[in-house]
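Chain by chain, the residues:
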Amino acid sequence: MQITVIDCESARIRPGLLAPPLACVTHVSSALAEASVLKRRFQALDLGGSQHRAKLLDRWESRGFVEQLLASDDLIVGHNVSFDFAVFAAAWPEVIPSIFEAYDSDRVSDTLIREKLGHIARGYKGFERKDGEWSKLNYSLEDVALRRLKIQLTKGDWQLRFGELIDVPIEQWPQGAKDYALTDADTTLLVWEHQQADHQGYLLDEFRQSRAAWWIQLMSCWGLHTDEEGVRKFTQLTQKKFDDVAEVLVEAGLLRKDGSRDTKATAARMVKAKGDQAERTPTGRVKLNSDCCERSGDPILVKYSELSSLKTILSTDVPLLLRGIHTPLQARFNTLLETGRTSSTPNVQNLRREVGPRECFVPREGWVYASADYSGFELRTMSQVCVSNGWPSKLAQALNKGNDPHLEVARRILGISYEEAEVRIEEDVVDKARQAAKISNFGYPGGLGFTRFVDFARLNYGVVLDPDPDEALKKAKVLKEHWLESWPEFKLYFDWIGKQCDQPFSQIKHLFSDRFRGDVSYTEAANSMFQGLAADAAKHAGFLISRACYVDEASVLYGCRLVNFVHDEFIVEVPDDQYAADAAEELARLMIVGANPFLPDVPPIAKPQLMRRWSKKAKALRDHNGRLIPWEWKEAA
């Protein structure tokens, strides 16, 4: 097989334009060699500089070459190559089906993703040790080339200037611009070959992860819009909260009237609340961070912890949301974290649960949001891990019967039958028990100890198990007993995780994807197995959804656009017409199809809805014919 490295240079990225105009394409090809041959090659490699092997094409010549490459059998390689393909797609929309076909055929390899896969498998945890000190790992081509090849790329000042050359013939380009472009392709080939010689079986998941990077890049390019009404309401709500908290803190003496904090008075209050248990820095100062304040049990200190968050929202989040009224917000995604999950900047995946942030986002005029989320997604991946290991899973049985797993634990807490709990589900005592059960179902599978479980309940669900710390620990212990009575397979799961973590180098391998994660702690391993499986299933579904939107002309989703992905939820902009309900149903169907290979024994469920504004309050509304109709924001009031 031949590999062909491809790279493009473009005008500058700017707000609202993540796929800027193309300036040129560089490419270089090489026969695929065995790892042993590559190792010998690199052992003898003189890295002191060489003539460029890559070829440079202007934007007029590039299209024919790209189309020919996509139609070939070559393995297409690039560094963050999803960006290059997005630029091609913006320049020549007709090549989009061929791009999807190349990804779908495992013919796109990304050196950035390969580097992350290797690091995650080796347990680098986002840092590397250089010259006796730890530094954050970066994944630009320059950083990877320096790490792997000891090549220091000196690129000059052309990185941000290729927009100047878009209409200039290549023969008139300054030599510095040519060298910059050619060096990228040459270096990427060397990096890919070095990774190939060094992979140790850690790259088996690269093609699906590359597919995920592609559809997520397309989603980022489309972006999200906000509206003035939503941002105004959110700003007013946040400002009022800030003013109320500030007033309380001024009265308590922790905040001066000029808005500055009295940290000495706050530290004294923390010591009074926690005594000898007050946490301190290595220099002996009392810690006043959000976690410490929220664990203090003092409501005034809890207010103190809220102040910084509210101030950040007003100073950072609100201006960003205001910008989204006129220019789409295009979040940059890290498509591969250690667990296999994703993150984004700005964070459009983990917005605050209360009413406000989400409600700022609306579809474009003439469109409506179709969304769907997986029901009990991580509960299903938890039980799938158990079934795949050969352990009978009561959780899987409950889910497959359509029972409520939270109610199953709740009925044990209350000492009643499941049938009685169903009948009494509206009662406050059952509702509280179900909430405690929900916390257990999502907290304990990750291997939490009792102290961390108490914090998990408070921080994630706002539930204080007991004001007295000792009593809270006792209640946490009882909850775990009821949880294990409900799902005894987790005793086997924890033993299995413990054995893997007892090895000199603890390493886990994810189901179905064969992706490794190394140097894991007990809780990291316990969480990663089911979080990673959920992430893999969702990423596969995302590719199917995006392909339907961009390529499948027979799909009701064709012409629609993915705008956000929130771990177990997809949000798509669809035309606000008579087919919107069908588009939402098709979204849910593709989510199930995409997740099925990863959940063969606990089939996934996805529930669709239509909404005119993103909100946790949104409900799946249907007309008298049973067809989905859009949920309106006014219904949340």
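Attention in this report is confined to the structure presented alongside it. (Residues numbered from 1 in each chain as written. Predicted model: local features only at pLDDT ≥ 70, side-chain atom pairs only at ≥ 80, totals over all residues. Heavy atoms only, no water.)

### Notes on the overall build of the protein chain
Looking only at helices and strands, the protein chain features 22 helices and 19 strands. Expected size for 637 residues packed as a compact globule is a radius of gyration near 26 Å; at 27 Å, the protein chain falls within 12% of this value. Considered along the principal axes of its C-alpha atoms, the protein chain spans approximately 75 × 70 × 60 Å. Out of the 637 residues in the protein chain, the part that is buried amounts to 52%. The contacts of the protein chain with a sequence gap of at least 6 include a subset with a gap of at least 24, amounting to 70%. (Helix = DSSP H or I, 4+ residues; strand = E, 2+ residues; numbered from the N terminus. Rg over C-alpha atoms; globule rule 2.2 N^0.38 Å. Buried < 20%, exposed > 50% of the residue type's maximum accessible area, 1.4 Å probe, protein only. Contact = heavy atoms within 4.5 Å.)

### With respect to the packing of helix H15 (residues 405–414) against helix H19 (residues 469–486)
Packed helices, taken two at a time, are described by their axes: the angle between them and the distance between them. Here H15 crosses H19 at 125 degrees, and the two axes come no closer than 9 Å. As judged from the angle between their axes, H15 and H19 are oblique. You can see that H15 and H19 cross each other, and the crossing is right-handed. For the pair H15 and H19, contact is made by Glu408, Val409, Arg412 and Ile413 and by Leu479, His482, Trp483, Glu485 and Ser486, respectively. (Axes fitted to C-alpha atoms, helices over the stretch in contact; angles between N-to-C directions. Parallel < 35°, antiparallel > 145°, perpendicular 65-115°, else oblique. Left-handed = near helix turned anticlockwise from the far one by under 90°.)

### Observations regarding the environment of Ile425
Locating Ile425 in the fold gives a position in the loop between helix H16 (418–423) and helix H17 (428–443). Expressed as a C-alpha distance, the spacing of Ile425 and Leu407, which sit 18 residues apart in the sequence, is 8.4 Å. Excluding residues within four positions of it along the chain, Ile425 makes contact with Leu407, Val430 and Asp431.

### Overview of unusual backbone geometry
In this chain, Thr345 is followed by Pro346 through a cis amide linkage whose omega measures -5 degrees. Tracing the backbone through its elements, the reader meets Pro346 in the loop between strand S10 (343–345) and strand S11 (361–362). Phi is positive for Asp514, which is not a glycine, with a value near 60 degrees.

### Details of the environment of Cys293
For Cys293, the location among the structural elements is in helix H11 (residues 290–295). Between the alpha carbons of Cys293 and Thr266 there is a distance of 9.7 Å; along the sequence they are 27 residues apart.

### Points about helix H4 (residues 96–104)
Taken residue by residue, H4 has Ile96, Ile99, Phe100, Ala102 and Tyr103 as its buried positions. One face of H4 carries all of its buried residues, which in axial projection span an arc of 160 degrees. Directly after H4, the chain includes Asp106, whose backbone phi takes a positive value near 55 degrees. (Arc of directions from axis to C-beta.)

### Observations regarding the nonpolar core
Grouped together as the largest cluster of nonpolar side chains are 133 residues, with contacts concentrated most on Phe85, Trp214, Tyr493 and Phe570. The element contributing the most residues to this core is helix H21 (residues 522–550), with 15 residues. Apart from residues lying up to four places away in sequence, Phe85 is in contact with Leu70, Ile76, Ile99, Tyr103, Val108 and Trp214. (Core = buried A, V, L, I, M, F, W, Y, C linked by side-chain atoms within 4.5 Å.)

### As for the sheet that holds strand S17 (residues 606–611)
One open sheet holds the four strands; their spatial order is S15-S16-S12-S17, and the pairing between them is antiparallel. Only two strands of the sheet have a single partner each, and these edge strands are strand S15 (561–565) and S17. Neighbour-to-neighbour, the strand axes of this sheet turn through a mean angle of 25 degrees, independent of strand direction. Bridging between strand S12 (residues 367–374) and S17 involves six bridges; their strand directions are antiparallel. Counterpart to Ala372 in the pairing with S17 is Pro608. Here helix H8 (residues 206–222) sits on the sheet in contact with S15 and strand S16 (569–575), set at roughly 100 degrees to S15. (Pairing = 2+ DSSP bridges.)

### What to know about the packing of aromatic side chains
On inspection of all chains with the given rule, the structure shows 31 aromatic pairs. Relative to Tyr103, the ring of Phe85 lies with its centre 5.6 Å away and its plane at 65 degrees, an arrangement referred to as edge-to-face. With Phe85 in helix H3 (residues 81–91) and Tyr103 in helix H4, the pair connects residues that are 18 residues apart, well separated along the chain. Accessibility assignment for this pair places Phe85 and Tyr103 in one class, buried. When the ring of Phe490 is compared with that of Tyr493, the centres are 5.7 Å apart and the planes differ by 80 degrees; the resulting orientation is edge-to-face. Taken as a pair, Phe490 and Tyr493 lie in helix H20 (residues 489–501) at a separation of three residues, close to a single helical turn. We note that Phe490, like Tyr493, is buried. Three or more aromatic residues link up through ring pairs in this structure, and these residues are Trp391, Tyr444, Phe453, Trp483, Phe490, Tyr493, Phe494, Trp496 and Tyr522. One residue, Arg211, lies across the ring of Phe543, its end atom 6.0 Å from the ring centre. (Phe/Tyr/Trp six-rings, centres within 6.5 Å; stacked < 30°, edge-to-face > 60°. Lys NZ or Arg CZ within 6 Å of the ring centre and 35° of its normal.)

### Structural notes on the pairing of S16
When you tally the buried positions in S16, you get six out of seven residues, the bulk of the element. Note that S12 and S16 share seven bridges and pair antiparallel. Bridge pairing links Ala372 to Phe570 in S16. Inspection of the sheet shows S15 paired to S16 by four bridges, in the antiparallel sense. Paired with Arg561 across the two strands is Glu573, which belongs to S16. In this structure, the hairpin formed by S15 and S16 is closed by a connection of three residues, where His567 is found at a positive phi of approximately 65 degrees.

### Things to note about the sheet that holds strand S4 (residues 75–78)
Pairing is mixed in the open sheet, where five strands are placed in the order S3-S2-S1-S4-S5. Lying at the two open borders of the sheet, with one neighbouring strand each, are strand S3 (55–58) and strand S5 (108–110). Neighbour to neighbour, the strand axes of the sheet diverge by 30 degrees on average, direction disregarded. Summarising the sheet, strand S1 (residues 2–10) and strand S2 (residues 22–31) pair through nine bridges and their orientation is antiparallel. Across the sheet, Val5 pairs through a bridge with Val28, a residue of S2. Sheet strands in contact with H3 are S1, S2, S4 and S5, and its direction is about 65 degrees off that of S1. Against the sheet, helix H5 (residues 111–122) engages S4 and S5, with an angle of about 60 degrees to S5.

### Focus on the environment of Arg114
Following the sequence through the fold, Arg114 ends up in helix H5. A relative accessible area of 2% means that Arg114 is categorised as buried. Between the C-alpha atoms of Arg114 and Ser210, which are 96 residues apart in sequence, the distance is 9.1 Å. In contact with Arg114, not counting residues within four places along its chain, are Ser109, Trp192, Gln195, Gln196, Leu203 and Glu206. Here the side chain of Arg114 touches Gln196 through a polar contact of 2.7 Å, side chain to side chain. (Polar contact = N/O pair within 3.5 Å; in protein donor to acceptor, adjacent residues only side chain to side chain.)

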